[in-house]
Amino acid sequence: MSKKTTGKTAAKGAAKGTAKSVSKASAKKASAVVKAAKKAVTKKDDFGGLSEDILLRMHDLMVKSRVLEERLIKIYKAGEAYFWIGGPGEEAWGVPLGMLGRKGQGLEHDWWHLHYRCTPTLIAMGMTMIDSIRLIMNRSTDPSTGGRNFANHYCFPKWNVAPVTSPIEVQYPLACGTAHAQKRAGGKAISIVTGGDAGTAEGDFASALILASRKGQELPVLITVQNNKMGISTPFEGQHGETHIADRARAFNIRSRVINGNDPVETYLAVKEEMEYIRKTGKPSFIEAHTTRLYGHSSADGANKKTHMVDPVMAFEQRLLDAGILSEKAVKKIWEIYESEGVIAQEQARTEPVPTSESVWDHVFVNNENADWRNF
Amino acid sequence: MASIAQAIRMALHYGETNMGVKDIFGQDVGAPLGGVFTATQGLKTAWNSPLDERGIIGMAMGIAMGGDKCVAEIQFADYIFNTIDLLKIAGNTLWCTNGQMNLPMVVMTPVGAGIFGSVYHSHSFDAWASRLPGWKIVMPSNPVDAYGLMLAAIQDPNPVLYLKSKALMRHKGDELIPGEPADEKELKAMIDKPVQNAEGWKPRWPDLQEYIVPIGKGKITREGEHITVVTYSRMVHLCDEAADKLREEGISVEVIDLRSIYPYDWQMIKSSIEKTGRVLFVNEDTEVTNFGEHLAYRATQEMFYQLMARPRVLAGKNLPGIGLHPNLEKNSVPQLHDIELAIREVVAEVP
């Protein structure tokens, strides 16, 4: 388990999962070997007391998210999209987060200010594969942007999901704004913000720490950073002097902790605990989650799988297999179901309409009020 | 008569009492100061933010996203520049979400020279603002418009930038705001925080009425036949003064107070130019690249064969800043004699 404001990050189960992230053929062999070697360990693995139902749901959603992201990369590489950016490697963080929030529209529900690695969270919240595919393929049916924006720049007002932005870190002070409105509304809803480690260099990160923590005016916001130790091509050490990003929250008297975001069990328990703390106290909390950036930054650096890194989906899957919670047959079936759903969704999206040229003037102002100066 | 600062204060009071404004915030906006120009004294929803412009704009966007109405202030437009990408995002949110998420927020900030504020308290922002699609931008020149445009800004479901001239904060107009007492001493006693012994002070607000100045509608402040002068904010008064002076010489000047930068009242400009055949655009933002240039371009494109003279833009010089010494400031932004000279030149030009 994680400890508050400590640097203990690597969970045993997740670390051993690296053996699975090689080729499929060798993975099977490795699985058998690891399975045998792990028997003693898995007997002690009580998954933090989480029910089998939760564990299986997490696995299912993690696989679904992974398959979707890999499908998006394929769509990009096939020339059916202009750009890819996404969150494969963040499933063990994003899925529990999405499962735990209070989903809905309005100030009595949680608000989500997510970055572009948030597919696992939205999958956990109920986003369909095809809606993500419609976005990357710029269909007018794309419910987030109507074909106007990049992959994973989601927006779902029906779930209080704020639009994902390309400029990094700007979402942090916005989360303080919605948290302020939620607090005034008087319920127990919170605002949740996610972002990357490199982005914490931006002033907006500091803005959020200050706005959330003013004495007597604390805000119910869960401030999180997904630390994959890489900012596009600059390693963590090249842009950080602090030992833990979470330590910066402590300077503002914000409760903080570092967790292994590659372990969905640890994430689930930590996020649940922090959400409960925020709902109870109305004060902010901070989680630094260590994650994997499995396919690089974006299509700009190739979007190829990094085989030397921990693969949280495969690692968790192996733990469940070892514990007898999942069978090999069931695993195969789950992957097949989502692979098939992804292919069918892509085929359907291909047939759907794209935005018309004339629609550039739509929605500059509310109710399509004229925005074209030529018509003033 | 109310000053512009008092007019804004009364509009914000009306907004928080009758139009659902829940937050009026920014640096020193709340008690005890109530704004460096006193425009937010005594307001029940006014509060002090950290000294952080990006935090203020981000917070305002979040509040608006959550469905609450807010008015945020950047203490001087000179410090709004480090929020430009946030303003850009606020302006594009509706468009990027295909019409799903609007940000009904107002951002107000004092702009321009005229107070000898030196390099960092004299910036204009109108041309910059005009390049933020998705925003509406207003610039009042008198208290009644300041009141009516603020109510319009609060009422509007889009983000609205409310640019208020620093030099006009104490300017008093010649019209009463609906509900304002006729005696300005009485108004002062009711809503101005006492300089001494202000502890426990609360304003007594007059019975204010709704009064909306529609965004995008200009106003003719002087009617004339020989030349159209299109201007806004502080420059309206200099242009009116020039018009009054030149009228005595037989030069009839029509002055348009644009009031809104975007959307702007092209039909009013066009009708006036059709009548006069000549046009001068006056503002104090730097001349490269200037909002008046856009209007001059449009006038040239659409009215070329109706023009009796070349359209002209008179604006601030393209300098790194406004120098503190009066000689420097006065030679940086248009002065009365510059406007007179420019009008004479355009009127004298013969096709």
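Residues numbered from 1 in each chain as written. Chains lettered and ligands numbered in written order. Predicted model: local features only at pLDDT ≥ 70, side-chain atom pairs only at ≥ 80, totals over all residues. Heavy atoms only, no water.

Looking at the sheet that holds strand β7 (residues 219-222) of chain B
Residues and elements named next belong to chain B. We apply this condition: DSSP calls a pair of strands paired once it identifies at least 2 bridges connecting them. Here a strand is any run of E in DSSP of at least two residues, a helix any run of H or I of at least four, and the numbering for each starts at the N terminus. Think of each axis as a best-fit line through the C-alpha atoms, taken over the contacting stretch in the case of a helix, with angles from 0 to 180 degrees between the N-to-C directions.
Strand order in this open sheet of 5 strands is β7-β9-β8-β11-β12, and the pairing throughout is mixed. For this open sheet the edge positions go to β7 and β12 (312-316), each flanked by a neighbour on one side alone. Pairwise comparison of adjacent strand axes, ignoring direction, gives a mean angle of 25° for this sheet. Summarising the sheet, β7 and strand β9 (residues 253-257) pair through 3 bridges and their orientation is antiparallel. Directly across from Lys219, in β9, lies its bridge partner Asp257.

Focus on the UniProt feature "domain: Transketolase-like pyrimidine-binding" (unreviewed entry) in chain B
This is how it is decided: UniProt positions are given in the numbering used here, feature names are shortened, and annotations may be inferred rather than shown by experiment.
Cross-referencing UniProt, the feature "domain: Transketolase-like pyrimidine-binding" (unreviewed entry) maps to residues 2-171 of chain B in the present numbering. Between the first and last C-alpha atoms of residues 2-171 of chain B the distance is 8 Å; the span itself is 34% helix and 18% strand.

Focus: the interface of chain B and chain A
Many descriptions give the size of an interface as the accessible area lost when the pieces come together. Defined as follows: The contact definition used throughout considers only heavy atoms, calling two residues in contact when any of these lie within 4.5 Å. Buried area is calculated as the accessible area (1.4 Å probe) missing from two parts once they are joined, with the contributions of both summed. The term salt bridge refers to a pairing of a side-chain nitrogen on Lys or Arg with a carboxyl oxygen on Asp or Glu at a separation within 4 Å. N or O atoms closer than or at 3.5 Å make up a polar contact, with two conditions inside protein: a donor-capable atom paired with an acceptor-capable one, and, for residues adjacent in sequence, both atoms drawn from side chains.
Between chain B and chain A, the contact holds 43 residues from the first and 44 residues from the second. Carbon and sulfur atoms supply 64% of the area that chain B and chain A bury against each other, a total of about 3,600 Å² over both sides. Considering only the surface of chain B that becomes buried against chain A, Met59, Trp95 and Asn98 of chain B emerge as the three largest contributors, covering 18% of it. Taken together, the links from chain B to chain A amount to 4 salt bridges. Arg184 of chain A is paired through a salt bridge with Asp68 of chain B; the nearest N and O atoms lie 3.1 Å apart. Across the contact surface, chain B and chain A share 20 residue pairs in polar contact (both at pLDDT 80 or more). Within the residue set of the side of chain B that touches chain A, elements represented by two or more residues are β1 (21-26), β2 (46-48), α2 (53-65), α3 (84-96), α8 (266-276) and α9 (291-303) of chain B.

Examining the confidence of the model for chain A
Put simply, the rule is: The predictor reports its confidence for every residue as pLDDT, a score running from 0 up to 100.
When the pLDDT values of chain A are averaged, the result is 91; 89% of them are 70 or greater. Below a pLDDT of 50 lies the segment residues 5-41 of chain A, which in the model reaches 46 contacts outside its immediate sequence neighbourhood of four places, other chains included.

Quick look at the packing of aromatic side chains
Put simply, the rule is: What counts as a ring pair is set by centres within 6.5 Å for rings of Phe, Tyr and Trp (its six-membered ring), and what kind of pair is set by the plane angle: stacked under 30 degrees, edge-to-face over 60, tilted for all other angles. Put simply, a charge is over a ring when the Lys NZ or the Arg CZ is close to the ring centre, within 6 Å, and near the line of the ring normal, within 35 degrees.
Taken as a whole, this structure holds 15 aromatic pairs over all chains when the rule is applied. These aromatic residues form a ring-pair network of at least three members: Phe376 of chain A together with Tyr262, Tyr264 and Phe291 of chain B. In this structure, Lys158 of chain A is placed above the aromatic ring of Trp159 of chain A, and the distance from its NZ or CZ to the ring centre is 4.8 Å. Sitting over the ring of Phe365 of chain A, Lys136 of chain B keeps its end group 5.3 Å from the ring centre.

Concerning the sheet that holds strand β3 (residues 69-73) of chain B
All names here are of chain B. Pairing within the open sheet is mixed, and its 7 strands lie in the order β2-β1-β3-β4-β6-β5-β10. Two strands in the sheet have a free side with no partner beyond their single neighbour: β2 and β10 (260-262). Direction aside, neighbouring strands of the sheet carry axes that sit 20° apart on average. Note: β1 against β2, 3 bridges, orientation parallel. If you follow Ile24 over to β2, its bridge partner there is Ala46. Packing against the sheet, α2 makes contact with β1, β2, β3 and β4 (105-111), and its axis sits at approximately 170° to β1.

Let's talk about the side chain of Lys136 of chain B
With respect to the helices and strands, Lys136 of chain B occurs in strand β5 (residues 136-138). Within the local environment of Lys136 of chain B, its side chain forms a polar contact with the side chain of Asp156 of chain B, the two groups lying 2.8 Å apart.

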